[in-house]
Amino acid sequence: MTDRTAAVTRETAETAIDCTLDVDGDGDAVVDTGVGFFDHMLESFAKHGLFDLTVECDGDLEVDDHHTVEDVAIVLGQAFAEALGEKRGVVRFADRTVPMDESRATVVVDVSGRPYFRFDGEFSQERVGEFTSFMARHFARSLAENAGLTLHVAVEGENAHHEVEALFKGLARALDDATRIDERRSDTPSTKGEL
């Protein structure tokens, strides 16, 4: 199998980020963004998607968590796009529904090369620790835009911690499914011949 890895660095006046990704990993993660709950979500994302992931982010947390979460999503999306390359042999489509206690998230993904994002639902509390709950939605949007994903997400529940965690786990499982190699296919899964 082709090596599906990437290393992406991004530096702006707001954040400095180093990220490595192995799509075909073991779920190992080393993450330090300065936002504890966000670190936990990225570690969970790696664990449940079986992605090996490192993320080091020095962000302007004295402002808030927005730039850190958004820019990590941008870099992670770019890493997926780089690692998947021409997407030869990938399954392409996947959907997962993941519960966490009273909460549930449904994620439907097409590794299409055409960014599109739709979100249904809302988060029950404004914050989880130092993490702004709405930023989970923004993370998914920024990831989709930079990885070239068509991504539909729906969340429901009563506890924002559970809602956000179900979202990240559902995203991980759906991306793992969609990016797997279908051994029956050697070409790109599109009648256009490319994604």
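Scroll up to find the structure.
Residues numbered from 1 in each chain as written. Predicted model: local features only at pLDDT ≥ 70, side-chain atom pairs only at ≥ 80, totals over all residues. Heavy atoms only, no water.

S.K.: Just checking my understanding: could you explain the sheet that holds strand S4 (residues 52–59) for this structure?
M.R.: By way of backbone hydrogen bonds, the strands of a sheet pair with one another, either parallel or antiparallel. Taking strand neighbours across the sheet as the criterion, the four strands line up as S1-S2-S4-S3 in an open arrangement whose pairing is mixed. Here the strands that pair on one side only, and so sit at the sheet edges, are strand S1 (5–11) and strand S3 (29–32). The mean inter-strand angle of the sheet, taken between neighbouring strand axes irrespective of direction, is 5°. Pairing of strand S2 (residues 15–22) with S4, which is carried by eight bridges, proceeds in the antiparallel orientation. Bridge pairing links Thr-15 to Gly-59 in S4. On top of the sheet, helix H1 (residues 36–49) reaches S3 and S4; it is set at about 160° to S3, its chief contact. Of the strands in this sheet, S1, S2 and S4 touch helix H2 (residues 66–84), which is tilted by about 145° from S1. (Pairing = 2+ DSSP bridges. Helix = DSSP H or I, 4+ residues; strand = E, 2+ residues; numbered from the N terminus. Axes fitted to C-alpha atoms, helices over the stretch in contact; angles between N-to-C directions. Contact = heavy atoms within 4.5 Å.)

S.K.: Quick question: what am I supposed to make of the pairing of S4 here?
M.R.: Remark: a regular strand shows side chains that alternate across the two faces of the sheet. In terms of strand pairing, S3 meets S4 through four bridges, oriented parallel. Within S4, the residue paired with Val-31 across the bridge is Val-55. Running through H1, the crossover from S3 to the neighbouring parallel element S4 is left-handed. (Right-handed = clockwise from strand over helix to strand, strands pointing away.)

Don't take any of this as a statement about function, it's just geometry.
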